[in-house]
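In case you want the letters, here they are:
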Amino acid sequence: MATNADSLNRIQFDCEPALKEAIAVWRRWLESERRASKHTLDAYLRDLSAFFIFSQNLLGYPAGVEDLRSFSAADFRGFLADRTEAGIARSSINRQMSTLRNFFKFLNQQGILENPALAAVRTPKQKQAVPKALSQQEAVVSLDAIAQLSQGDWHDKRGLSWVAKRDAAVLTLLYGCGLRIGEALSLKRKEAPNADVMRITGKGNKERMVPVLPLVIEAVNAYLEDCPFDLKQNGPLFVGARGKALDPGVIQRQIRKLRPLLNLPETATPHALRHSFATHLLAGGGDLRTIQELLGHASLSTTQRYTAVDEVKLNTEYKKAHPRA
């Protein structure tokens, strides 16, 4: 398995050795202090690599500390223009600029260099994406259909498909508890839900308590009863066909198979079930602060996106029902 150090070695940085060392220290800080995941670190490092490629093209040689210190606001805007001309999505450009600001802030804190010009550069505004939730009927039908879809490939000695029950249990956790797929698949056997609430470790190692419905416990227990592997208490709760930790790609692939069968939109993904959890709670009268806690959002503004989903549904139903619409 590739380590974070492997990622640093794999991604090329066209800059002087002193800056390469600073990048290595920054990466270690992101990993230890910010608790950034491997995928997040890879994204940050790729973003920074793109900036140093641009810098070398601009300067004609690999950038050093003094070069970054002397970069003007126009130079940083040039990087923005370069990204736009390359056809990079606005959301990706914003993330790259965020990475750049984080890196320069770290260099400043470490006393390596200071450049206030970056603060004067505004990133392009992007329209806040409205979460794509399934309807209540689509969500419920998906939970039932995933079990039928998984029948036939892997059976235990009693002739029942444990894989079908596993997939149904995973989706039930996503929709019933609002978990991210990574959160569900990172659960250990000893953390299987068996009470009214369960403790979830989310992004940034932040913990939250999530209420558990009886049907969630039933779905997970049904999977555990038929799972042919001896699951260790400190091992993964959900496993694949060979008894190893279940890869999220397996669940994502199953959802893709469901789309044409159930006439679901292309936005139907495992994560859409988490969106559905929040949207349906809001539609049922749940308040934003409670939903924020349940989802593990650090900012209420992130949770407020779900009000837009409800407004979309409201407008749609209004136009369908009003005689003058």
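Just above, that's the structure.
Treat the numbers as computed from the prediction; the structure is a model and nothing was measured. (Residues numbered from 1 in each chain as written. Predicted model: local features only at pLDDT ≥ 70, side-chain atom pairs only at ≥ 80, totals over all residues. Heavy atoms only, no water.)

*Asks:* Sorry if this is basic, but what is going on with the pairing of strand β2 (residues 207-211) here?
*Replies:* Residues Arg208 and Val210 point to one face of β2 and are all buried, whereas Glu207, Met209 and Pro211, pointing to the other face, are not buried. Here strand β1 (residues 197-201) pairs with β2 via five bridges, running antiparallel. Note that in β2 the partner of Arg199 across the bridge is Met209. Between β1 and the antiparallel strand that follows it, β2, lie five residues; Gly204 among them carries a positive phi value of about 65°. (Buried < 20%, exposed > 50% of the residue type's maximum accessible area, 1.4 Å probe, protein only. Helix = DSSP H or I, 4+ residues; strand = E, 2+ residues; numbered from the N terminus. Pairing = 2+ DSSP bridges.)

*Asks:* Any chance you could explain the pattern of salt bridges here in plain terms?
*Replies:* Pairing between side chains of opposite charge can happen when the charged atoms of each approach one another. Considering all chains together, one arrives at 13 salt bridges under this definition. Asp167 serves as the salt-bridge partner of Arg166, at 2.9 Å between the closest nitrogen and oxygen. Asp167 carries the same exposure label as Arg166, and that label is buried. Notably, a salt bridge pairs Lys232 with Asp230, separated by 3.0 Å at the nearest N-O pair. (Salt bridge = Lys/Arg side-chain N within 4 Å of Asp/Glu carboxyl O.)

*Asks:* Looking at this model, I keep getting lost on the packing of helix α7 (residues 136-149) against helix α11 (residues 248-262). Mind explaining?
*Replies:* The relative placement of two packed helices comes down to the angle between their axes together with the axis-to-axis distance. Two elements in contact, α7 and α11, have axes separated by 10 Å at closest approach and are oriented at 110°. What the angle tells us is that α7 and α11 run roughly perpendicular. Along this stretch, α7 crosses α11, giving a crossing that reads as right-handed. Together, Val141, Ser142, Ala145, Ile146 and Leu149 of α7 and Gln254, Lys257, Leu258, Leu261 and Leu262 of α11 make up the contact between the two elements. Tallied by class, the residues present in the contact of α7 with α11 amount to seven nonpolar, two polar and one charged. (Axes fitted to C-alpha atoms, helices over the stretch in contact; angles between N-to-C directions. Parallel < 35°, antiparallel > 145°, perpendicular 65-115°, else oblique. Left-handed = near helix turned anticlockwise from the far one by under 90°. Contact = heavy atoms within 4.5 Å. Nonpolar A, V, L, I, M, F, W, Y, C, P; charged D, E, K, R; others polar.)

*Asks:* What should I look at first to understand the packing of helix α8 (residues 162-177) against helix α10 (residues 214-226) in this one?
*Replies:* Running from N to C, α8 and α10 point in directions that differ by 155°, and their axes come no closer than 8 Å. Our classification of the angle between α8 and α10 gives roughly antiparallel. Seen from above, α8 lies across α10 with left-handed handedness. Seen from α8, the contacting residues are Trp162, Lys165, Arg166, Ala169, Thr172, Leu173, Gly176 and Cys177; seen from α10, they are Leu215, Val216, Ala219, Val220, Ala222, Tyr223 and Asp226. Split by residue class, the contact of α8 with α10 holds ten nonpolar, two polar and three charged.

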